[in-house]
Structures are given as C-alpha cells and as structure tokens.
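Take a look at the letters that make up each chain.
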Amino acid sequence: MIVIDTNKGQITLELFPEQAPASVTNFLAYIEKDEFKQSTFHRVIKGFMIQGGGFLASGERLETNAPIKNESRNGLSNERGTIAMARTGNPHSATRQFFINHKDNLFLDASGGNWGYAVFGKVTKGMDVVDKIANVQTGAQDKPVTPVIINRITVVTDQSIMLIDKK
C-alpha cells in the first residue's frame, strides 16, 4: 500500500506490479528516494483528473529518471480512482508525473494501434480527498490557485500498520 499525504488529506493506493511492473518499479524508485516530497498536484481538472509529482509549488520542474516503456496494454482501464502514468505525446515518455482519474476516462485506454495511459494502481481509501482536490479553484493551465502540496508519498507495510494499531 502507498499513502500520498497532501495538505488536503491522505490518499491510500494499491499498486498492481503484476500488470504494470515497469510503472510500479518506476513509481517506487521515486518514493524510495523521497523525491515526491513537497511536489504538487499542478494540474487539476474537475470531472477529469488530478495530476502531480513533477513540480514544486514555485513552479520548478523536478528532475526525472529515464522514461519508461508504456504499459497501457496491460488490461487495466482508466476508471475513476485509478492512478496512471502521465506522459507527453510520445507513448514511451512517462517519468515521474502521475494522475488519478476523477471519473471514468476510458478514452485514455489503449485501443487499436493507439497507445493509452498506463494504469498501475487504484485508490483504496481517500477518494473524498481526490474529490476535494478536484474541486479546488484553478487558474491558467489548470493550475490550482492555492498549491495542493504532496507532503510525502510513503510505502506502508503490514508491519507498520500493526504498529499504528497498537498505539
């Protein structure tokens, strides 16, 4: 399980390493180095998606690792609450930016000869937080007027859950 801790609340994710091994490995590599700390959800479109992980509140673009292979043909669909890799027009350009689907966006799935956007997990808790983020006021380029900060993204193990429960 993964917890995205934001200034709007927490979002818990389940990742799908069997269907999207490159995307999950890539996402975890950034988490292990704490490279999402103080990044933002910099693009928010209500009724579509919230995108983050690539910029600081100042607008500074964060460094990336090498792009990964597109895994959009993995059988997973861009449904409400799924997390997928953001990319440019080049299908194999995803690096650190991700988005959470605010509604079913099946048009983002691979179809025919067209590449889609690779889903690699889903929200298991905190869709209310996703909804809260999706409803923030935005300005130019769908950027939130008041920054939505990703304080940190962490991996939560069964052992750490047990420790929390005992407190």
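What comes next concerns the included structure.

The rules behind the values
- Residues numbered from 1 in each chain as written.
- Predicted model: local features only at pLDDT ≥ 70, side-chain atom pairs only at ≥ 80, totals over all residues.
- Heavy atoms only, no water.
- Buried < 20%, exposed > 50% of the residue type's maximum accessible area, 1.4 Å probe, protein only.
- Helix = DSSP H or I, 4+ residues; strand = E, 2+ residues; numbered from the N terminus.
- Pairing = 2+ DSSP bridges.
- Axes fitted to C-alpha atoms, helices over the stretch in contact; angles between N-to-C directions.
- Contact = heavy atoms within 4.5 Å.

Notes on the pairing of strand β1 (residues 2–6)
- A large share of β1 lies buried, amounting to 4 of its 5 residues.
- As paired elements, β1 and strand β2 (residues 9–15) share 5 bridges and run antiparallel to each other. Following the sheet pairing, V3 is matched in β2 by T12.
- As consecutive antiparallel partners, β1 and β2 are separated by 2 residues.

Quick notes on the sheet that holds strand β5 (residues 82–85)
- In spatial order, the strands read β1-β2-β7-β5-β6-β4-β3-β8; together these 8 strands close into a barrel with antiparallel pairing. Pairwise comparison of adjacent strand axes, ignoring direction, gives a mean angle of 35° for this sheet.
- With respect to the sheet, helix α2 (residues 127–134) is in contact with β1, β2, β3 (39–45), β4 (49–56), β6 (98–101) and β7 (119–125), its orientation differing from that of β2 by roughly 120°.

Some thoughts on unusual backbone geometry
- With a phi angle near 55°, D34 is a residue other than glycine that sits in the positive phi range.
- If you trace the backbone, D34 turns up in the loop between α1 (21–32) and β3.
- In this structure, Q38 takes a positive phi of about 65° despite not being glycine.
- Overall, Q38 belongs to the partly exposed group, its relative accessible area being 39%.

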